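This is what each chain is made of:
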Amino acid sequence: MSRLFDADALQEIIASREQWTREELERVLARAPERLPRFSTISDLEIPRLRTPANTPDLDYLRDLGLPGQYPYTRGVYPSMYRGRLWTMRQFAGFGTPADTNRRYRYLLEQGQTGLSVAFHYPTLMGYDSDHPRSLGEVGRCGVAVDSLRDMEVIFDGIPLDQVTTSMTINGPAGILLAMYIVVAEKQGVSSDKIGGTIQNDILKEYIAQKSWIFPPRPSMRIITDILAYCTEHVPRWNTISISGYHIREAGSTAVQELAFTLADGIGYVQAGIDAGLDVDAFAPRLSFFFNAHSDFFEEIAKYRAARRLWARVMKERFGASKPESWKLRFHTQTAGCSLTAQQPVNNVVRTALQALGAVLGGTQSLHTNSMDETLALPTEEAVTVALRTQQIIAEESGVAHTIDPLGGSYFVEWLTDKMEADARRYLDKIDELGGIIRAIELGFPQKEISDAAYHYQRQLERQEKVVVGVNKYVMEEELPIPILKIDEEVERRQVAALQQLRQQRDNEEVKRQLRLVEEAARDGGNLMERFVDAVRVYCTLGEIIGVLREVFGEYQDPAML
Amino acid sequence: MAEERKLRILVAKPGLDGHDRGAKVVARSLRDAGMEVIYTGLHQTPEMIVATAIQEDVDAVGLSIMSGAHNVLFPAVVKGLREQGADDVVVFGGGIIPDDDIPRLAEAGVSQVFTPGTPTGQIIEWVRQNVRPRG
């Protein structure tokens with residue numbers, strides 16, 4: 001037992017607070033009422049005036065907080081945290097052709113960025129080649145166009161894959177892109193056990209929030225367990241799923257919903273791995289998480305702390321994981337794109353800095369800071385440089401990285417951490433009652449909760465109960481335009497021409513044979529990841545491989561509820 | 001005096017992007033403002049949107065897009081409606097759309113473009129002013 005507050009001390013504090021309320025507070029409030037009738041976070045969670053030890057009377061230091069690197073990891077997943085190594089500064093980038101993106105990556109690495117993060121264009125995310133009719137107008141716009149291994153060779157040209165780690169935001173086709181990365185590394189002379197990085201590969205949150213899906217949930221889960229099994233054996237340093245709350249939050253959820261639905265997805269993957277016969281301690285250490293850093297500073301910090309503690313408890317108590325590596329919630333963070341404004345866009349630099357500070361005080365392992373121009377277009381080089389510098393200023397000037405979890409022990413932060421954990425647990429119980437996360441998604445439960453929260457916030461904004469500076473308060477008529485990145489319309493034509501040339505040059509008999517093997521594995525349950533590696537090596541395109549799988553698995557249909 | 005029938009609005013998501021927060025918020029706001037709203041769901045081609053607009057006999061189509069493909073997909077919807085003889089269906093839109101692209105979309109027949117941060121009240125007001133029940 002390491003209870004922080006003894007009963008007698010708490011009694012004294014409670015008595016003293018009652019007296020303070022009567023004799024001091026009420027007198028002040030009678031003269032000058034508070035600014036708002038009700039104070040609440042951006043998620044509309046009510047915030048009390050003052051927290052004291054009496055509001056977390058049972059807090060037990062070793063049980064609830066522990067030391068950094070020790071269960072339940074509330075204070076951080078590593079013993080030395082940022083004193084040992086700073087978080088990875090990882091700007092998500094990708095646009096235009098593979099060559100455009102390769103130039104941006106080399107620039108970012110020269111500027112001191114420490115990891116890569118690939119943004120793919122929509123056709124790649126949805127499993128279409130650039131010359132498919134559904135790709136019209138989309139090529140290279142929201143990310144880089146990748147149709148085949150050839151494109152990945154260009155993207156990573158001159159970038160040694162044994163020295164950088166790479167995160168790839170890709171879900172439905174994640175296994176195919178990982179296969180391409182493995183083959184690019186192999187051609188550089190780097191074996192698959194030496195490469196490190198992350199594929200998002202989190203299909204559940206696609207159905208819930210981000211909505212870039214291809215197949216229905218059950219075959220999608222089977223592909224994911226194939227990837228888990230393959231990577232455990234062949235790519236041991238790879239983070240196989242980045243269980244993502246980011247998009248859930250961007251779709252309008254509250255902080256608690258982000259926390260709860262993300263962990264519910266995590267529980268879904270762990271259960272699927274166990275059901276597929278894998279040992280939980282063999283794959284759980286390679287699961288990582290991805291959270292949003294929104295504007296409500298303390299709510300976010302409490303969210304990250306609660307996430308670590310809740311995940312550790314779930315892994316140990318619910319799944320019986322026995323390796324500490326399986327208990328640790330490691331996470332990437334991105335500042336909140338949805339918080340940025342097209343109005344007075346330079347203000348976005350400040351929003352992003354505060355959000356990034358919250359992520360760092362919350363103990364993130366890597367961070368993307370948004371650029372000021374992202375409500376207008378993909379970022380320019382100037383804008384992304386300011387965003388990266390923001391992280392460097394937090395890391396090397398502010399002093400916040402000198403000590404571990406400096407907000408731990410704050411009466412308010414500990415109370416809020418407890419509250420977020422308890423509220424998230426209620427959602428987890430509800431999802432269990434519904435029959436698990438896949439069933440809950442099929443019923444539209446998380447989707448409805450999120451769209452209700454988004455609508456509620458919009459109403460609050462329009463009633464001015466919530467303020468967005470420059471949008472519903474401090475509005476200015478004249479605004480200075482900032483430069484934005486334009487994607488040349490030639491990109492689409494060039495990418496399509498390159499793809500068609502590839503189709504003529506490659507060994508098309510071998511392509512057909514590999515596609516047949518993919519189809520057989522899809523039907524008879526062979527490991528698909530092995531087939532993807534062989535197929536991409538002979539330049540089967542992403543669209544061709546996904547096309548074969550669409551035939552076998554079908555396509556997901558969204559309930560499209562308002 | 002006979003009361004005008006309710007406005008029928010199709011809120012549609014053309015293209016491959018999955019950002020439906022704005023579309024859903026606008027759809028709910030128009031519905032709460034007394035209009036009949038049909039929401040297409042995601043990943044619609046221009047042909048699918050035109051077909052739904054005709055089938056549902058709507059007075060206006062609101063398009064929402066974040067992927068940057070608006071210059072191709074918005075005009076394709078307008079053109080498709082014209083080809084079906086439904087050129088009196090008002091087409092408006094919103095999303096991540098740079099100012100420089102707006103004149104071009106206007107020229108293609110998109111009546112209004114709402115950019116990020118637009119209050120829903122303003123969209124409702126615009127629809128009331130600019131959309132009439134089709135005869």
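Here is what the cut-offs are and how they apply
- Each chain carries its own residue numbering, running from 1 in the written order of its sequence.
- Starting at A for chains and at 1 for ligands, labels are handed out in the order in which the entities are written.
- At least 70 in pLDDT is required for a residue's local features to be given in this predicted model, at least 80 for side-chain atom pairs to be given and counted, and no such filter applies to totals for whole chains, interfaces and linings, which use all residues.
- The side-chain figures draw on all heavy atoms in the structure; neither hydrogens nor water molecules are used.
- Strands here are runs of E lasting at least two residues and helices are runs of H or I lasting at least four, both read from the DSSP assignment and numbered beginning at the N terminus.
- Using C-alpha atoms as the atom set, the radius of gyration is obtained and then compared with a globule rule of 2.2 Å times the number of residues to the power 0.38.
- With a 1.4 Å probe rolled over the protein chains alone, any residue whose accessible area is under 20% of its type maximum counts as buried; one over 50% counts as exposed, and the rest are partly exposed.
- Contacts are residue-level and defined by heavy atoms, with any inter-residue pair within 4.5 Å sufficient.
- Here Asp and Glu are counted as negative and Lys and Arg as positive; His is not counted, and neither are the chain ends.
- Note on charges: their place is set at NZ of Lys, CZ of Arg, CG of Asp or CD of Glu.
- The quantity reported as buried area is the accessible area (1.4 Å probe) lost by two parts once they are put together, taken as the sum for both.
- Any Lys or Arg side-chain nitrogen located within 4 Å of an Asp or Glu carboxyl oxygen qualifies as a salt bridge.
- Two rings belonging to Phe, Tyr or Trp (six-membered ring only in the last case) form a pair when the distance between their centres is within 6.5 Å. Interplanar angles under 30 degrees mark stacking, angles over 60 mark edge-to-face geometry, and anything in between is tilted.
- The rule for a charge over a ring is simple: NZ of Lys or CZ of Arg within 6 Å of the ring centre, and within 35 degrees of the ring normal.
- By arc we mean the arc of the directions from the helix axis to the C-beta atoms, nothing more.
- For helices, the fitted axis covers only the stretch in contact; all axes are lines through C-alpha atoms, and the angles between them, taken along N-to-C directions, range from 0 to 180 degrees.
- Here the angle decides the label: under 35 degrees means roughly parallel, over 145 means roughly antiparallel, 65 to 115 means roughly perpendicular, and every other value means oblique.
- Handedness of a crossing is defined here by the sense of rotation of the near helix relative to the far one, left-handed for an anticlockwise turn of less than a right angle and right-handed for a clockwise turn.
- Under the scheme applied, nonpolar residues are Ala, Val, Leu, Ile, Met, Phe, Trp, Tyr, Cys and Pro; charged residues are Asp, Glu, Lys and Arg; polar residues are all the others, including Gly.
- Each domain span listed reflects an automatic or database assignment of domains.
- Two joining distances apply to patches: 9 Å for like charges and 5 Å for nonpolar side chains (Val, Leu, Ile, Met, Phe, Trp, Tyr), and every residue must have over 30% relative accessible area and no salt bridge.
- Methods summary: accessible areas were calculated by the Shrake-Rupley approach with a probe of 1.4 Å, and residue burial reflects only the protein chains presented.
- Note on pairing: two strands pair once DSSP finds at least 2 bridges between them.

## So, the overall build of chain A
Then, number 1: Broken down by element type, chain A carries 23 helices and ten strands.
Then, number 2: In terms of C-alpha radius of gyration, chain A reaches 24 Å, essentially the compact-globule figure of 24 Å for 562 residues.
Then, number 3: With respect to the principal axes defined by its C-alpha atoms, chain A has extents near 85 × 60 × 45 Å.
Then, number 4: Buried positions account for 59% of the 562 residues belonging to chain A.
Then, number 5: Taking the intrachain contacts of chain A between residues at least 6 apart in sequence as the baseline, contacts between residues at least 24 apart amount to 78%.
Then, number 6: Across chain A, the centroid of the 63 positively charged side chains sits 2 Å from that of the 78 negatively charged ones.

## Notes on the interface of chain A and chain B
Then, number 1: On the chain B side, the residues contacting the 42 residues of chain A number 36 residues.
Then, number 2: Of the roughly 3,100 Å² buried where chain A meets chain B, counting both sides, 55% is carbon and sulfur surface.
Then, number 3: Looking at the side of chain A facing chain B, the largest losses of area belong to Arg134(A), Tyr455(A) and Leu562(A), adding up to 25% of the total buried there.
Then, number 4: The tally of links from chain A across to chain B stands at four salt bridges.

## Overview of the packing of aromatic side chains
All names here are of chain A.
Then, number 1: Under the criterion given, the structure shown has 26 aromatic pairs over all chains.
Then, number 2: Pairing tyrosine 105 with phenylalanine 156 gives two aromatic rings, centres 6.5 Å apart and planes at 35°, and the pair type is tilted. Of the two residues, tyrosine 105 sits in helix α4 (residues 98-110) while phenylalanine 156 sits in the loop between α6 (149-155) and β4 (166-169), which places them 51 residues apart along the sequence. An identical accessibility class is assigned to tyrosine 105 and phenylalanine 156; each is buried.
Then, number 3: A relative accessible area of 0% places phenylalanine 156 in the buried class.
Then, number 4: Sitting over the ring of tyrosine 539, arginine 150 keeps its end group 4.9 Å from the ring centre.

## Describing helix α2 (residues 46-55) of chain B
All names here are of chain B.
Then, number 1: Those residues of α2 that sit buried are Pro46, Ile49, Val50 and Ala53. Angular distribution of buried residues about the axis of α2 spans 100°; they occupy a single face of the element. Seen from the buried face of α2, the exposed residues on the opposite side, beyond 90 degrees, are Glu47 and Gln55.
Then, number 2: Looking at the buried side of α2, the elements it contacts are β1 (8-12), β3 (60-65) and α3 (70-83).
Then, number 3: Just beyond α2, the residue with positive phi is aspartate 57, at close to 55°.

## Some thoughts on the environment of Val400(A)
Then, number 1: Mapped onto the elements, Val400(A) comes out in the loop between α16 (381-396) and α17 (411-434).
Then, number 2: Between the C-alpha atoms of Val400(A) and Ala522(A), which are 122 residues apart in sequence, the distance is 50 Å.

## Observations concerning the environment of Leu357(A)
All names here are of chain A.
Then, number 1: Tracing the backbone through its elements, the reader meets leucine 357 in helix α15 (residues 347-361).
Then, number 2: A residue is classified by how much of its surface remains accessible, and leucine 357, at 22% relative accessible area, is partly exposed.
Then, number 3: In this structure the C-alpha to C-alpha distance between leucine 357 and aspartate 44, which are 313 residues apart in sequence, comes to 21 Å.
Then, number 4: What leucine 357 contacts, discounting residues up to four positions off in sequence, is Phe297, Ile394 and Val400.

## Some remarks on the packing of helix α13 (residues 297-318) of chain A against α15(A)
Residues and elements named next belong to chain A.
Then, number 1: As a packed pair, α13 and α15 sit with axes 8 Å apart at the nearest point and diverge in direction by 30°. In terms of orientation, α13 lies roughly parallel with respect to α15. Both α13 and α15 take part in a crossing whose hand is right-handed. Counted together, Phe297, Ile301 and Tyr304 of α13 and Leu354, Leu357, Gly358, Ala359 and Leu361 of α15 form the full contact between these two elements.
Then, number 2: Classifying every residue of the contact of α13 with α15 by side-chain character gives seven nonpolar, one polar and no charged.

## Some details on the pattern of salt bridges
Then, number 1: Scanning the model with the defined rule gives 58 salt bridges over all chains in all.
Then, number 2: Residues participating in the shared-partner salt-bridge network are Arg63(A), Asp64(A), Arg309(A), Arg313(A), Asp418(A), Glu421(A) and Arg425(A).

## Notes on the domain arrangement of chain A
Interfaces are frequently sized by the accessible area removed from exposure as the parts join.
Residues and elements named next belong to chain A.
Then, number 1: Structurally, chain A comprises domain 1 (7-55) and domain 2 (66-462).
Then, number 2: One C-alpha centre belongs to domain 1, the other to domain 2; they are set 37 Å apart.
Then, number 3: Both faces considered, domain 1 and domain 2 share a buried interface measuring about 1,200 Å² in area, 68% of it formed by carbon and sulfur atoms.
Then, number 4: The largest per-residue losses of area from domain 1 upon contact with domain 2 belong to Ile42, Leu45 and Arg51, which jointly make up 50% of the total buried on that side.
Then, number 5: Along the contact surface separating domain 1 from domain 2 lie zero salt bridges.
Then, number 6: Split into classes, the residues belonging to the side of domain 1 that touches domain 2 amount to five nonpolar, four polar and three charged.

## Brief notes about the packing of helix α9 (residues 217-234) of chain A against helix α11 (residues 255-275) of chain A
Residues and elements named next belong to chain A.
Then, number 1: α11 packs onto α9 with a crossing angle of 70° between their chain directions and a minimal axis gap of 10 Å. One element, α9, and the other, α11, form an angle in the roughly perpendicular class. Seen from α9, the contacting residues are Met221, Ile224, Thr225 and Leu228; seen from α11, they are Gly268, Tyr269, Ala272 and Gly273.
Then, number 2: Class assignment of the residues belonging to the contact of α9 with α11 gives a composition of five nonpolar, three polar and no charged.

## Considerations on a nonpolar patch on the surface
Residues and elements named next belong to chain A.
Then, number 1: Residues Val467, Val469 and Tyr474 make up a contiguous nonpolar surface patch of about 280 Å² in total accessible area.
Then, number 2: For valine 469, the position within the fold is in the loop between α19 (445-462) and α20 (490-505).
Then, number 3: Given the relative accessible area of 36%, valine 469 is considered partly exposed.

## Description of the sheet that holds β3(B)
Residues and elements named next belong to chain B.
Then, number 1: Spatially, five strands are ordered β2-β1-β3-β4-β5 in an open sheet, and the strand pairing comes out parallel. Since the sheet does not close on itself, it has two edges, and those belong to β2 (36-39) and β5 (112-114), each with one partner. Going across the sheet, the axis of each strand differs from the next one's by a mean of 20°, ignoring polarity.
Then, number 2: Where β3 lies against strand β4 (residues 90-95), six bridges are found, and the strand directions are parallel. Paired with isoleucine 65 across the two strands is glycine 95, which belongs to β4.
Then, number 3: Relative to the sheet, α3 contacts β3 and β4, its axis offset from that of β3 by approximately 165°.
Then, number 4: Running at roughly 165° to β4, helix α5 (residues 120-130) makes contact with β1, β4 and β5 of the sheet.

## Comments concerning the pairing of strand β8 (residues 287-293) of chain A
Residue and element names in this part refer to chain A.
Then, number 1: Of all seven residues making up β8, seven are buried, and the element is well covered by its neighbours.
Then, number 2: The side-chain alternation of β8 yields two buried faces, one formed by Leu287, Phe289, Phe291 and Ala293 and the other by Ser288, Phe290 and Asn292.
Then, number 3: Taken together, the four bridges between strand β7 (residues 241-244) and β8 define a ladder with parallel strand orientation. Looking at β8, one finds that serine 242 is bridged to serine 288.

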